[in-house]
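Here is how the chains run, residue by residue.
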Amino acid sequence: MRKLQFLFMFMLLSLMTSMSFGQEKRDDFYPTEIWKDTKGDTINAHGGGFMYHKGTYYWYGELKRGTTWLVPGQNWECYRVNAGGVSCYSSKDLVNWKKEGVVLPANKTDQNHDLHYSKVLERPKVIYNEKTKKFVMWLHIDSQDYSAARVGIAVSDKPTGPFKYIQSIKPNGLDSRDMTVFKDDEKSAYLIYSSEWNKNLHISKLTDDYQNVSGKDIIALPRMSREAPAMFKHKNRYYLITSLTTGWDPNMALVAHADSIMGKWNPGYNPCKGEKADLTFTGQSTFVLPIEGKPGKYIFMADVWKKTNLQDSRYIWLPLEFKNDSVEISWKKSWSLTK
Ligand code: DGJ
């Protein structure tokens, strides 16, 4: 009898524990499906940027919450949701993510502030500066109609924030919309940004503290209307995955490459294979993450935008592989890093 009582108590306790911690530990990625954090809440970090620091991966992204509406008076489908700021999650295994909170909140009171919730805060990316020991965030800052076209900079002493907003700039006096930052092996870092009404994709070297552009700038992809840049380096060659500019709708990705980051870029080819490969599997690039301790292994990361309900936007993560020196990303309904 006592044994039965004990068994019953044990089962009840296990049930309560799994209920209070919500999410069970996972092993697999399920591209486009709802992804829960370790507490069981849906991960809300779009246009994501990733950083590996001292054994932990950090995921920064746009917090998109609330009603989606169409900005009036635009000649394109300018769907918007109030900016919630930048959220952050951490993980050791890339599958199970713990919510660290909002590390750069939207401003609630000052309509003129860059971070006011009515504005566009997109594609946050964070890199660590060894010299200053600061974590430096760059993000796309814009007005509701995307006419301001600026890039913002914030800094923190810790990867989990809080980040202190410094300013927004027009890099080299130019407009800047979709963007990313890339930190190279020899510690130089670069801003990659769509400019001149998205016609040209530029690369600008950053200053040594990573908090401004240095003045060294090239047009890597001229007159190609590319956005959503995601850069990585493999065997001393630089790669840049981008999308075409079709608002929230998906289109075909291209992977460009160059032997020197500020040199000549080859515009490239579509790396996607399989179902909906011509539409980047319905997603839009945001990052390519090298897997720590596994040289040559990368994850391609994309957003699946749900334009009329942006808070329900999803994520596509897929293995990025090299086949005879060509980049290949193949569709998979589910996959794992360990199997
Ligand atoms: C495509 C961009 O890549 C997104 O980040 C966002 O700015 C949408 N356009 C807005 O339509």
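It should be emphasised that the depicted structure is a prediction, and the values quoted were computed from it without experimental measurement.

What follows deals with the environment of Ala277. Along the chain, Ala277 turns up in the loop between strand S20 (272-273) and strand S21 (284-290). Put simply, Ala277 and Ile127 are 150 residues apart on the chain and 31 Å apart in space, counted from C-alpha to C-alpha. Apart from the residues within four sequence positions on either side, Ala277 is in contact with Asn270 and Cys272.

Right, let's talk about the pattern of salt bridges for a bit. Oppositely charged side chains are able to pair whenever their charged atoms sit close together. With the rule as written, the count across this model stands at 17 salt bridges. Here Lys131 makes a salt bridge to Asp208, at a shortest N to O gap of 3.8 Å. Linking Lys131 in the loop between strand S8 (120-129) and strand S9 (134-142) with Asp208 in the loop between strand S14 (200-206) and strand S15 (213-221), this pair joins segments that are 77 residues apart in sequence. A salt bridge links Lys307 to Asp249; its shortest N-O distance comes to 3.1 Å. With a gap of 58 residues between them, Lys307 in the loop between strand S22 (298-304) and strand S23 (314-323) and Asp249 in the loop between strand S17 (237-244) and strand S18 (254-258) connect regions that are remote in the sequence. Residue classification places Lys307 among the partly exposed positions, given a relative accessible area of 23%. A relative accessible area of 32% means that Asp249 is categorised as partly exposed. Linked through salt bridges whose partners overlap, the residues forming this network are Glu77, Asp249 and Lys307.

This part covers the sheet that holds strand S16 (residues 226-234). Taken together, 4 strands build an open sheet; the order of strands is S16-S17-S18-S19 and the sheet is antiparallel. If you trace the sheet from one side to the other, it starts and ends with S16 and strand S19 (266-269), each paired once. Averaged over neighbouring strand pairs, the angle between their axes works out to 30° when direction is ignored. Inspection of the sheet shows S16 paired to S17 by 7 bridges, in the antiparallel sense.

On to unusual backbone geometry, then. The linkage connecting Gly161 with the following residue, Pro162, adopts the cis geometry, with an omega of 0°. Examined against the element boundaries, Pro162 turns out to sit in the loop between strand S10 (150-156) and strand S11 (164-169). Of note, the phi angle at Thr282 is positive, near 80°, even though the residue is not glycine. Positionally, Thr282 belongs in the loop between S20 and S21. Thr282 gets classed as partly exposed once you look at its relative accessible area, which sits at 26%. The backbone of Asp325 shows a phi angle near 70°, a positive value even though the residue is not glycine. Mapped onto the fold, Asp325 is located in the loop between S23 and strand S24 (326-330).

How each quantity is defined
- Residues numbered from 1 in each chain as written.
- Predicted model: local features only at pLDDT ≥ 70, side-chain atom pairs only at ≥ 80, totals over all residues.
- Heavy atoms only, no water.
- Helix = DSSP H or I, 4+ residues; strand = E, 2+ residues; numbered from the N terminus.
- Contact = heavy atoms within 4.5 Å.
- Salt bridge = Lys/Arg side-chain N within 4 Å of Asp/Glu carboxyl O.
- Buried < 20%, exposed > 50% of the residue type's maximum accessible area, 1.4 Å probe, protein only.
- Pairing = 2+ DSSP bridges.
- Axes fitted to C-alpha atoms, helices over the stretch in contact; angles between N-to-C directions.

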